[in-house]
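Given next are the chains, with one letter for each unit.
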Amino acid sequence: MHAAGPYAVANVRNRSRAIYTNGPVAGAFRGFGVPQAAIAHEALYDELAERCGLDRLEFRLRNALKAGDETATGQRLRASAGLASCLEALRPQWRSFLDEAQRRNSQAGVSRRGVGIACMWYGIGNTALPNPSRMRIALTREGRLIFFNGAVDIGQGSTTVLTQIAAQALGLPVEAFTLVGGDTDATFDAGKSSASRQTFVSGKASERAALALRAEILRRANAGEEAKLELEGSRLTVTTFGRSTAIELAALPAGRDGIVLEGIGDFDPPTEPLDAKGQGTPYATYGFAAQIVALDVDMALGTVRLDRFVAAHDVGRAVNPTLVEGQIHGGIAQGIGLALMEEYVPGRTENLHDYLIPTFGDVPRIDILMVEDREPLGPFGAKGVGEPALVPAAPAILGAIRHATGVSIREVPALPHRIRAALEAGGLARES
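What you see is a predicted model; the values in this text were computed from it and never measured. (Residues numbered from 1 in each chain as written. Predicted model: local features only at pLDDT ≥ 70, side-chain atom pairs only at ≥ 80, totals over all residues. Heavy atoms only, no water.)

**Quick look at the environment of valine 152**
Under the convention used in this document: Working definition: helices are DSSP H or I runs of at least four residues, strands are E runs of at least two. Numbering for both runs from the N terminus. In what follows, a contact means two residues having at least one pair of non-hydrogen atoms within 4.5 Å.
Along the chain, valine 152 falls in the loop between strand 3 (145-149) and helix 6 (158-170). Put simply, valine 152 and proline 35 are 117 residues apart on the chain and 24 Å apart in space, counted from C-alpha to C-alpha. For valine 152, the contacting residues outside a window of four places in its chain are Ser158, Ser193 and Gln198.

Right, here's the structure in full:
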């Protein structure tokens, strides 16, 4: 996000320095990563919005990066920068949440309703480092369509998504594929399953492998791009403008592994390392998101009850909407842990009895709004969604606590005793 004028820039810098170097929050944040830093800078945006007399969503919308903007590293965002669209998608629910909070807070009681908002933009893939992936799709003389996929699926569903991409590019159904994965002797290197990169990078390599195989098939059938493929046993039929050509795979010369046709696809996102002045293109594309949350704070006990999350994410294109939703749900659950529960104490939190993580009962209703601002480099416009789902969740929760109580929590997790202490320090604590 851009800062709103010279005063805002100076204020952001000064407050950032204070948050990172003074008090208990310095130890909590120093040396940590993007989710922790987002807590600090989103708190600053809330304070800046308040000082400017602007609604918190409106402040972010005015300063949101858009296609055509230049980042702090001098990179021009050419496409797929959907943060403003995410914020616009949230606007009706944001207004409804604020109205409900005002209604509830006008009533007597120890519970106060708060509403929070946070945004994020996150580089997809490694930071200006070689980030390649290679995929192979082959047909055997028996008519087996084999997808040699070296991308490791750690639960995010990449095996499903990459197969869907390959199937769409090739023109044969997902059910036709036989999958070979987890075998370094049979598959090429697809890179690590981190940095929210597999859908974008390995997905593009999968698309290119499928298109390479399709091009070889069409060449043999002397058919155009509009042709439709059908695979039955060892017979591959290519149909174009009502004319069908059959390719008998069993009649083609085969290698030692029985493969008669294959396509190989490579992709390495174009990046540029930062120079001595910090200028360059560290990522080929970015994920964007905004999340809002409504919660209740007990002003006597300092406890927090989450009521509802609404998350809007620019995913480029949702190849598999169910898996995208699953990743966003998981990221928000992690953010809940970061904001409210998870605290490592050396020598004490050595198991899940003492180190608390969110359970089903701690996660509220989550509504997801998918924004598809297509990325030209990605497979069918897709980009990653893994880590971006986590980044805004904790800042939104802490912003909602501040909205409910009037106090800022400078140390995470915001455990009840810390919230109670902040309320007492501000003379805002109540007795139950």
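**Looking at unusual backbone geometry**
Trans is the common state for peptide bonds, and a negative phi is the common state for residues other than glycine. Selection rule: Burial status follows relative accessibility: with a 1.4 Å probe on protein chains alone, a residue under 20% of its type maximum counts as buried, one over 50% as exposed, and anything between as partly exposed.
The amide bond that connects valine 412 to the next residue, proline 413, takes the cis arrangement and shows omega of 0°. With respect to the secondary-structure elements, proline 413 resides in the loop between helix 9 (393-405) and helix 10 (416-425). The backbone phi angle of alanine 128 is positive, close to 50°, even though this residue is not glycine. Tracing the backbone through its elements, the reader meets alanine 128 in the loop between strand 1 (111-123) and strand 2 (133-140). Here alanine 128 falls in the buried class, since its relative accessible area comes to 15%.

**A look at the packing of helix 8 (residues 321-341) against helix 9**
In a packed pair of helices, the relevant descriptors are the angle between the two axes and the axis-to-axis distance. Convention followed: Angles shown run from 0 to 180 degrees and are taken between the N-to-C directions of axes, each axis being a line fitted to C-alpha atoms and, for helices, limited to the stretch in contact. Each angle gets one of four labels, with under 35 degrees taken as roughly parallel, over 145 as roughly antiparallel, 65 to 115 as roughly perpendicular, and the rest as oblique. A clockwise turn of the near helix away from the far one marks a right-handed crossing, whereas an anticlockwise turn of less than a right angle marks a left-handed crossing. Throughout this entry, Asp, Glu, Lys and Arg are counted as charged residues, while Ala, Val, Leu, Ile, Met, Phe, Trp, Tyr, Cys and Pro are counted as nonpolar. The remaining residues, Gly among them, count as polar.
Between helix 8 and helix 9, the least distance of the axes is 7 Å, while the angle of their chain directions is 50°. In terms of their interaxial angle, helix 8 and helix 9 are classed as oblique. Crossing of helix 8 against helix 9: the hand is right-handed. Contacts from Ile332, Gly335, Ile336, Leu338, Ala339 and Leu340 in helix 8 reach Ala393, Ala394, Ile397, Leu398 and Ile401 in helix 9. Grouping the amino acids of the contact of helix 8 with helix 9 by side-chain chemistry returns 10 nonpolar, one polar and no charged.

**Side note on the pairing of strand 5 (residues 228-232)**
Formally: A pair of strands counts as paired when DSSP detects no fewer than two bridges linking them.
As paired elements, strand 5 and strand 6 (residues 235-240) share five bridges and run antiparallel to each other. Paired with lysine 228 across the bridge in strand 6 is threonine 239. Taken together, strand 5 and the strand that follows it, strand 6, pair antiparallel across an intervening segment of two residues, in which glycine 233 is found at a positive phi of about 60°.

**Regarding the sheet that holds strand 7 (residues 243-248)**
Overall, antiparallel pairing links the three strands, which are arranged 5-6-7 in an open sheet. Among the strands making up the open sheet, the edge pair consists of strand 5 and strand 7. Looking at each pair of strands side by side, their axes are set apart by 20° on average, direction ignored. Against the sheet, helix 7 (residues 198-221) engages strand 5, strand 6 and strand 7, with an angle of about 110° to strand 7.

**A few points about the sheet that holds strand 1**
The pairing of strands in a sheet comes from backbone hydrogen bonds and takes either a parallel or an antiparallel form. With mixed pairing, the four strands of this open sheet are ordered in space as 1-9-10-11. Edge positions in the open sheet fall to strand 1 and strand 11 (365-371), since each of these has one partner strand only. Ignoring which end each strand starts from, the neighbouring axes of this sheet average 15° apart. Note: strand 1 against strand 9 (residues 286-298), 13 bridges, orientation antiparallel. Residue pairing for strand 9: glycine 123 is matched across the bridge by tyrosine 286.

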